[in-house]
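# Descriptive structure summary
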Number of protein chains: 2
Amino acid sequence: MSTAKIAVMGFGVVGSGTVELFYRNKDIIEKRSGTSIDIKYILDLRDFPDSPYRDKFTKSFDDILNDPEVTVAAELMGGKTFAYDYTKRLLSRGKSVVTSNKELVATHGAELLRIAKENGCNYLFEASVGGGIPIIRPLHKCLAANRFEKISGILNGTTNYILTKMIYEQMSFDEALAQAQALGYAEKDPTADVDGHDATRKLCILGSLAFGRHIYPEYVHCSGIRKITLDDVEYAENAGYAIKLIGLIENTESGLVATVCPRLVSVNNPLSGVNDVFNAIAVTGDAVGDVLFYGRGAGKFPTASAVVGDIIDAVKHAGRDIISLNWSDSENSDFIRPYKSAEVRMYVRVHAPEADSLKPLITSLFGYVDFIPRKRRSEDELAFITPSLVESEIDEKLAQLSKSAELKKKIRLL
Amino acid sequence: MSTAKIAVMGFGVVGSGTVELFYRNKDIIEKRSGTSIDIKYILDLRDFPDSPYRDKFTKSFDDILNDPEVTVAAELMGGKTFAYDYTKRLLSRGKSVVTSNKELVATHGAELLRIAKENGCNYLFEASVGGGIPIIRPLHKCLAANRFEKISGILNGTTNYILTKMIYEQMSFDEALAQAQALGYAEKDPTADVDGHDATRKLCILGSLAFGRHIYPEYVHCSGIRKITLDDVEYAENAGYAIKLIGLIENTESGLVATVCPRLVSVNNPLSGVNDVFNAIAVTGDAVGDVLFYGRGAGKFPTASAVVGDIIDAVKHAGRDIISLNWSDSENSDFIRPYKSAEVRMYVRVHAPEADSLKPLITSLFGYVDFIPRKRRSEDELAFITPSLVESEIDEKLAQLSKSAELKKKIRLL
């Protein structure tokens, strides 16, 4: 039996985890795949003279591209420049590529999938969403008989860690962020996480797979968690909700609505109990109903678990595109519906002198409203939850209310 | 493009759901599979003169077996007699078979997988565990890089419904069973569900996949929920646990320990919050850590969702065995470790006059023990949780205790 040769590109956290896991579990990996597999190259510009794998390192991408023995490469470099170029060139030569690079898949997935298909190979990215949680293959394979109605998920571990600290330990956003950074959960520049860009990329990948058309990040309304305060966390809790950063894509008669934003999640929804750096993705299909996937959404070995799983599948299917995930490109966003046109319930917090006196006005504007009790509430503050209304109508009513009160916060409900 | 022809065998709940779902979502099923597919035969001995699919019905299995156009058959008949015979004959002819028949897979899986491999076709059974919840393919594909440490799950919806009613509505076992039967969740003869046989079959399938050797039902220690009383439910709740029927397989240095039995599950474990007819499966792998899969574990369309997902995969891979799940047969059970030799914590309930006077004896037997408070406790009853000890040692200590008290119940902790 010949040995399948693979390449690992990028020897950072995920890359080194992939190599380490591969050799640690090589016996069961080969048993399960029914194939002998070995890593022939590791691509990185840095030197690793003390690595047990030092003989495999190369600084030249061409070594991998031009080696006919290499049938599968794992692109674990991240970013869009070299990763995009290398992936295109590998796929064009019929070499399968597996990746954890959510940014690349969310931006160029449709094109890269097309190139893979044209060249009889596969582009696989189980590791791009939810770390080690199986979600791409279950969505694409196991649930392929379903019309999808909705996908909602906690897709970013860093923000979920921060919100968990705010909810359970009454830390402020800044304190919780600092702790996340100290523990290595958040980067020095936390923008991609806390402003929702990372979750948006993952939602794009899930939505494109589920609905068959490329959902680009710019099609998604995205806002992060920087403005969530402990006041909001406490009001939410008193009303029976937890605040979570939720990626949500819903299929409505007039198009898809795609948002990443903080939401009040009912304690009756399993997503409300997903804490710390854990991720969870809930999928609603017309046949299966609700299914939920839960686990560690990031980290060296959980992500490597997904990468090596894809490597095994790619090796088994080398030279055939039959496992290719697939979605068509979208030349315009006419299948996306403006999120302001969708119905939503809204949590609202306002300031005004003797705020309770606003209740009749609020009720006359919105009809039935849930006013939220708060321990230690100051008299100049009031929080409530609107009934389900088209969001642009809520905005109009809030504009009227703002003549009598200062609008401090609004947060959508899930 | 030629049209792939498939057969559906058995037109009961799952069979009719499969046919209905297939035609309802035929457009997206064909788009996702990239193949034109049609159902050519439906096998059932009954007549369905009013069915919109009446032209497809046959009473002759040979029509399917001998039709070279048919490449995939869904065996949804259940049982082991005809299903076993038909499946073997189809696979021997190189026709792939997909099934929801957990009994057949748990009993003859190793043999049927071997026949499929020898004949270049596939035997797929995503629907056999967890209804529509994706678990077989995630375990076998996405997590293939992991050494599995543990699988624990709520694998039977009927018993979980009964226990939920006992916990939240203080129904007795008999009342809850009667309600489950009235709602169609439990059969008239509920033995397979309430005595744990159904969950055992599912655990065998998961364990065989994860650990690579056929785990036959007789290798699993199995006990059901008939003897659980509201007293136990209340003590468990007071100690911070919910009682669930848990299928558990653990990989220890001296072998696999496989059990299906009621267990006290800590409220901190996500499985404790899985209620009603929902199922959930938690998998621990050395790389991925803990992942959890949750959803409706039974029902017409959730199960059909899994069946049709497998049909699509089988059609795409017709004539190749490369997606075959695989495990080797086990000629003996020497890789299974007696469950009594494993360490466990045990909930114990005893009766004795002035039961509190037993506390010094219990403490001297077990060392540190958690005595459980109970509202409205009668003085002749005492419940406690032992520390973690080898189960046979616990039994010896309980035998000593039984000289001074009547042993009413023991339930393992998860």
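Note that the coordinates shown come from a computational prediction; the quantities given were computed from them, not determined experimentally.

Next up on the list: the overall build of chain A. Within chain A, the secondary structure is distributed over 14 helices and 18 strands. Whereas a compact globule of 414 residues would reach a radius of gyration of roughly 22 Å, chain A reaches 24 Å, a difference of no more than 12%. Going through the 414 residues of chain A one by one, you find that 60% of them count as buried. Pairs at least 24 residues apart make up 74% of the contacts formed inside chain A by residues separated by at least 6 positions. Positive and negative side-chain charges in chain A, numbering 50 and 55 respectively, have mean positions lying 3 Å apart.

Time to look at the UniProt feature "domain: Homoserine dehydrogenase catalytic" (unreviewed entry) in chain A. The positions that UniProt labels "domain: Homoserine dehydrogenase catalytic" (unreviewed entry) are, in the present scheme, residues 134-312 of chain A. Helix makes up 40% of residues 134-312 of chain A and strand 27%. Its end C-alpha atoms lie 14 Å apart.

All names here are of chain A. Evaluation of the coordinates by the stated rule reveals 31 aromatic pairs over all chains. Seen from their ring centres, Phe-11 and Phe-57 are 4.9 Å apart, and the 85° between their planes marks the pair as edge-to-face. On the criterion of sequence distance, the pair formed by Phe-11 in the loop between strand 1 (3-9) and helix 1 (13-24) and Phe-57 in strand 3 (residues 57-58) is long-range, its members being 46 residues apart. For the pair formed by Phe-11 and Phe-57, the shared burial category is buried. Above the face of the Tyr-84 ring, Lys-88 is positioned so that its terminal group lies 4.0 Å from the ring centre. Residue placement shows Lys-359 over the ring face of Phe-371; its charged tip is 5.0 Å from the ring centre.

Time to look at the sheet that holds strand 2 (residues 36-43) of chain A. Residues and elements named next belong to chain A. If you trace the 6 strands from one edge of the open sheet to the other, you get 3-2-1-4-5-6, paired in parallel fashion. The open sheet terminates on both sides in strands that have one partner only, identified here as strand 3 and strand 6 (123-124). Examined bridge by bridge, strand 1 and strand 2 share 7 bridges and lie parallel to one another. The residue bridging Lys-5 from the neighbouring strand is Asp-38, located in strand 2.

We now examine the packing of helix 1 of chain A against helix 12 (residues 300-316) of chain A. All names here are of chain A. Packing of helix 1 against helix 12 leaves a shortest axis separation of 8 Å and a crossing angle of 65°. As helix 1 runs across helix 12, the sense of the crossing is right-handed. Across the interface between the two elements, Val-13, Val-14, Ser-16, Gly-17, Thr-18, Glu-20, Leu-21 and Arg-24 of helix 1 pack against Lys-300, Phe-301, Thr-303, Ala-304, Ser-305, Val-307, Val-308 and Ile-311 of helix 12. Residue composition of the contact of helix 1 with helix 12, grouped by class: 8 nonpolar, 5 polar and 3 charged.

What follows concerns the relation of the copies chain A and chain B. Structural alignment of chain A on chain B gives an RMSD of 0.0 Å, achieved by rotating through 180° and translating 0.0 Å along the axis. Here the transformation between the copies is reduced to the relation of a two-fold axis. When C-alpha distances to the rotation axis are compared across chain A, the minimum falls at Phe-293 of chain A, with a value of 2.5 Å. Mapped onto chain B, 98% of the interface residues of chain A are again interface residues, and the two copies thus contact each other with one and the same surface.

We now examine helix 2 (residues 26-33) of chain B. Along an α-helix, a turn takes 3.6 residues, which lines up residues three or four apart on a common side. All names here are of chain B. Along helix 2, the residues that are buried comprise Ile-28, Ile-29 and Ser-33. Buried residues of helix 2, seen end-on, are gathered within an arc of 125° and therefore sit on one face of the element. One or two residues past the end of helix 2 sits Gly-34, with phi positive at roughly 70°.

All right, on to helix 11 (residues 230-238) of chain B then. Residues and elements named next belong to chain B. Of the positions making up helix 11, those classed as buried are Asp-232, Val-233, Glu-234, Tyr-235 and Ala-236. In this fold, the buried residues of helix 11 make contact with helix 7 (157-169), strand 9 (241-252), strand 10 (255-266), strand 14 (346-351), strand 16 (381-385) and strand 18 (406-413). Backbone geometry just after helix 11 places Gly-240 at a positive phi near 90°.

Before going further, it helps to spend a moment on the confidence of the model for chain A. Taken over all residues, the pLDDT of chain A has a mean of 93, while the share at 70 or more is 98%. What the predictor reports for the complex is a pTM of 0.94 with an ipTM of 0.93.

Looking now at the side chain of Asn-146 of chain B. On the secondary structure map, Asn-146 of chain B appears in the loop between helix 6 (136-142) and strand 7 (148-154). Judged by relative accessible area, which is 0%, Asn-146 of chain B ranks as buried.

What follows is about the interface of chain A and chain B. With 50 residues of chain A at the interface, the matching set in chain B holds 49 residues. With both sides pooled, the region where chain A packs onto chain B buries about 4,000 Å², and carbon together with sulfur makes up 53% of that total. Across the contact surface, chain A and chain B share 6 salt bridges. In this structure, Arg-24 of chain B and Asp-286 of chain A form a salt bridge, with 3.3 Å as the shortest nitrogen-oxygen distance. In this structure, the connection of chain A to chain B is made through 25 residue pairs in polar contact (both at pLDDT 80 or more). Among the secondary structure elements, those contributing two or more residues to the side of chain A that touches chain B are helix 1, helix 2 (26-33), helix 6 (136-142), strand 12 (289-296) and helix 12 of chain A. Counting residues per element, the side of chain A that touches chain B draws most heavily on helix 12 of chain A, which supplies 9 residues.

So, on to the pairing of strand 2 (residues 36-43) of chain B. In the case of a regular strand, side chains alternate between the two sheet surfaces. Residue and element names in this part refer to chain B. When you tally the buried positions in strand 2, you get 6 out of 8 residues, the bulk of the element. By the bridge criterion, 2 bridges tie strand 2 to strand 3 (residues 57-58) in an arrangement that is parallel. Directly across from Ile-42, in strand 3, lies its bridge partner Phe-57.

Definitions and limits used
- Counting restarts for each chain, with residues numbered from 1 along the sequence as it is written.
- Naming scheme: in the order in which they are written, chains are lettered from A and ligands are numbered from 1.
- Side-chain atom pairs in this predicted model are given and counted only at pLDDT of 80 or more, local residue features only at pLDDT of at least 70, and totals for whole chains, interfaces and linings cover all residues.
- Note that water and hydrogens are dropped before the side-chain values are worked out from all heavy atoms of the structure.
- Helix and strand labels come from DSSP, where a helix needs a run of H or I of at least four residues and a strand needs a run of E of at least two; each type is numbered from the N terminus.
- Each radius of gyration reported is based on C-alpha atoms, and the globular scaling rule is 2.2 Å times the count of residues to the power 0.38.
- Classification of residues uses two cut-offs on accessible area relative to the type maximum, computed with a 1.4 Å probe and protein chains only: under 20% is buried, over 50% is exposed, and between them is partly exposed.
- Contact definition: two residues touch when any of their heavy atoms are within 4.5 Å.
- For the charge count, each Lys or Arg is scored as positive and each Asp or Glu as negative, with His and the chain ends excluded.
- To locate a charge, the coordinates of NZ of Lys, CZ of Arg, CG of Asp or CD of Glu are taken.
- UniProt positions are given in the numbering used here, feature names are shortened, and annotations may be inferred rather than shown by experiment.
- Only Phe, Tyr and Trp rings take part, Trp by its six-membered ring, and two of them pair if their centres are within 6.5 Å. Stacked means planes under 30 degrees apart, edge-to-face means over 60, and tilted covers everything else.
- In this scheme, Lys NZ or Arg CZ marks a charge over a ring once it lies within 6 Å of the ring centre and within 35 degrees of the ring normal.
- Between any two strands, pairing holds if DSSP finds at least two bridges.
- Whenever a helix is involved, its axis is fitted only over the stretch in contact; in every case the axis is a line through C-alpha atoms, and angles between N-to-C directions fall within 0 to 180 degrees.
- Left-handed describes a crossing in which the near helix is turned anticlockwise from the far one by less than a right angle; the clockwise case is right-handed.
- Side-chain classes follow a simple rule in which Ala, Val, Leu, Ile, Met, Phe, Trp, Tyr, Cys and Pro form the nonpolar group, Asp, Glu, Lys and Arg form the charged group, and the remainder, Gly included, forms the polar group.
- Superposing the copies works by least squares over the C-alpha atoms of residues that have pLDDT at least 70 in both of them.
- Picture the helix axis, draw a direction to every C-beta atom, and the arc is the one those directions span.
- Every residue gets a pLDDT, meaning the predictor's confidence in that residue, from 0 to 100.
- When two parts are brought into contact, each loses some accessible area as probed by a 1.4 Å sphere; the total of that loss over both is the buried area.
- What makes a salt bridge here is a side-chain nitrogen of Lys or Arg within 4 Å of a carboxyl oxygen of Asp or Glu, nothing more.
- Polar contacts, as counted here, are pairs of nitrogen or oxygen atoms within 3.5 Å of one another; within protein the pair requires one atom able to donate a hydrogen and one able to accept it, and residues that are adjacent in sequence qualify only if both atoms are side-chain atoms.

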